[in-house]
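Commentary on secondary and tertiary structure
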Amino acid sequence: MGDVLAGFHAAWEFESDSVLIRYERGIRTPKLFQALGERRVPLTAIEAVTLTPGKRGTVVLRAEPRPGADPLMEAADGQLKEGSDPYRLALPAERATLAEYYADELRALLTESGPAERHLVPAPEAPRQFKAYDAKASFDGRTVAFRWFWTGASSAKWKAGDQSFPVGGLTGVEWRSPEVFEGHLRLLLRDPAEQQAAQADQDPAAVVFGLGYGPVHESLPFAAAVLAAVRAGGPPAAPAVPAAALAVPAPRRDPADIAERIRHLGELHRAGLLTDEEFSVKKAELLAEF
């Protein structure tokens, strides 16, 4: 096909075997779209196309991805708000006839349906990182690491120490949107006995969101990248090893990480969650780690 259909916040380019979705970068564009940039969706990953009336004089063209075909949508598990759906293209109502033409053309090329045996849409690339309420989470493509914030992590997590999880030791990822109560990202461990707590704020294999931490446009692509790596397979790895249990002496803290923790401490102090004395004591303890 090779044609382009431009709508609000995105443009779809139709090819014979895929749809290339390019998202706009603008102040009104959902941050998730800006983070994704563009995505090429193979037609084998789509099972249906719909065109429905939208709000305020618009129509909505949507591609229905097959279950399991897209790691981003699998991780989201139906929790994305309508306006942040990356498979949804809103257009002015006067372009409904043109949108219907492209919908029909696209439907004629679809040949697959039902759950996909593997991911067909590329996942967001590693390395990735984001700041949760209680930790800095990072993923280099092979290992997920959680480095706890003293001022946010529970005593159980602080006692367990910073965590490192090889992809081979995981079976999946549980993402709960930061826009709902008890939002979190939890790694599902291959050995169920290692999953230490049901509550995310007590589980060293999970980080919690809240108060602006773990936003969708950062934590969801992170979860999708990890999930894709897990689904790609690989030999099982040893379970997570707490930093405190390593035999070799731990290296000194990264100054940038300490500075980040002090900044987080200052936010809690300004919010009235720490007294002046508590703030001074904890800041001094962090500075002592340089």
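Below or above, wherever it landed, is the structure these notes cover. (Residues numbered from 1 in each chain as written. Predicted model: local features only at pLDDT ≥ 70, side-chain atom pairs only at ≥ 80, totals over all residues. Heavy atoms only, no water.)

1. As for the sheet that holds strand 12 (residues 170–176)
The antiparallel open sheet is built from three strands, whose spatial order is 12-13-14. Among the strands making up the open sheet, the edge pair consists of strand 12 and strand 14 (206–208). With strand direction ignored, the average angle separating the axes of adjacent strands in the sheet is 10°. Pairing of strand 13 (residues 184–189) with strand 14 involves three bridges; the strand directions are antiparallel. Its bridge partner being in strand 14, Arg-186 is matched across the sheet by Ala-206. Along the sheet, helix 5 (residues 216–231) contacts strand 12 and strand 13; its crossing angle with strand 12, the most-contacted strand, is approximately 160°. (Pairing = 2+ DSSP bridges. Helix = DSSP H or I, 4+ residues; strand = E, 2+ residues; numbered from the N terminus. Axes fitted to C-alpha atoms, helices over the stretch in contact; angles between N-to-C directions. Contact = heavy atoms within 4.5 Å.)

2. What about the sheet that holds strand 2 (residues 10–14)?
Taking strand neighbours across the sheet as the criterion, the four strands line up as 1-2-3-4 in an open arrangement whose pairing is antiparallel. Strands with a single pairing partner mark the edges of an open sheet, and in this sheet they are strand 1 (4–6) and strand 4 (38–42). Within this sheet the neighbouring strands show an average axis-to-axis angle of 20°, counted without direction. Two strands pair when backbone bridges link them, and strand 3 (residues 18–23) and strand 4 are joined in this way by five bridges, in the antiparallel orientation. By the bridge assignment, Ile-21 is partnered in strand 4 with Arg-39. Running at roughly 135° to strand 1, helix 3 (residues 96–109) makes contact with strand 1, strand 2 and strand 3 of the sheet.

3. Things to note about unusual backbone geometry
Here Ala-126 and Pro-127 are connected by a cis peptide whose omega angle stands at 5°. Mapping Pro-127 onto the fold places it in the loop between helix 3 and strand 8 (128–131). A positive phi angle, near 55°, is found at Leu-211, a position not held by glycine.

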